[in-house]
Amino acid sequence: NVEMESLAFASLLISDCGKELNAANLEAVLKAANIKYDKGTIQSYASCMNGLNVTEMIEPLSNFSASAVAAAPAATAAATGPAPPAGKAKEPEPESDSGSSMEM
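Going along each chain's sequence as written, the residues are numbered from 1 onward. Reporting of local features is limited, given that this is a predicted model, to residues whose pLDDT is at least 70; pairs of side-chain atoms are given and counted only at 80 or more, and all residues count toward the totals for whole chains, interfaces and linings. Values reported for side chains reflect all heavy atoms of the structure, with hydrogen atoms and water molecules removed beforehand.

## Re the nonpolar core
Our working rule: Nine residue types can take part in a nonpolar core, namely buried Ala, Val, Leu, Ile, Met, Phe, Trp, Tyr and Cys, and a core is a set of them joined through side-chain atoms within 4.5 Å. Relative accessibility under 20% of the residue-type maximum defines a buried residue, over 50% an exposed one, and the middle range a partly exposed one, all with a 1.4 Å probe and only protein chains included. Under the scheme used here, helices are H or I runs from DSSP no shorter than 4 residues and strands are E runs no shorter than 2 residues, and both carry numbers assigned from the N terminus. We call two residues in contact whenever any of their non-hydrogen atoms come within 4.5 Å of each other.
Counting residues in each nonpolar core, the largest one holds 12 residues, listed as Leu-7, Ala-10, Ile-14, Leu-21, Ala-23, Leu-26, Leu-30, Ile-42, Tyr-45, Ala-46, Met-49 and Val-54. Of all elements in the fold, only α1 (2-16), α2 (23-32) and α3 (39-49) reach the threshold of two or more residues within this core. For this core, the leading source of residues is α3, giving four residues. Apart from residues lying up to four places away in sequence, Ala-10 is in contact with Leu-26, Val-29 and Leu-30.

## Some details on unusual backbone geometry
Positioned with a positive phi, Asn-34 is a non-glycine residue whose angle comes to about 60 degrees. Structurally, Asn-34 can be placed in the loop between α2 and α3. Residue Asn-34 is classed as exposed on the basis of its relative accessible area of 72%.

Here it is in structure tokens:
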């Protein structure tokens, strides 16, 4: 539902700016973004969100995401083995002319 997604994003914006999450602020954000809305839905949403700090609600999720991203290289290294030392590239094996080449 586009209206509910818009309300959720407006809530994040309002909360991130340190403003009170109420119907008037929700309407102002949606109006500024030129998003059509139903006043009854906004009133209900604002009542449900009354007193909640959206930023605090999603903070554990953002910390989880950051730690998961930071752990990804370590998990990859553990699965594939240690990386070669920096600056030491694997030397190519010399080609041999032991008669196995195909000549036409």
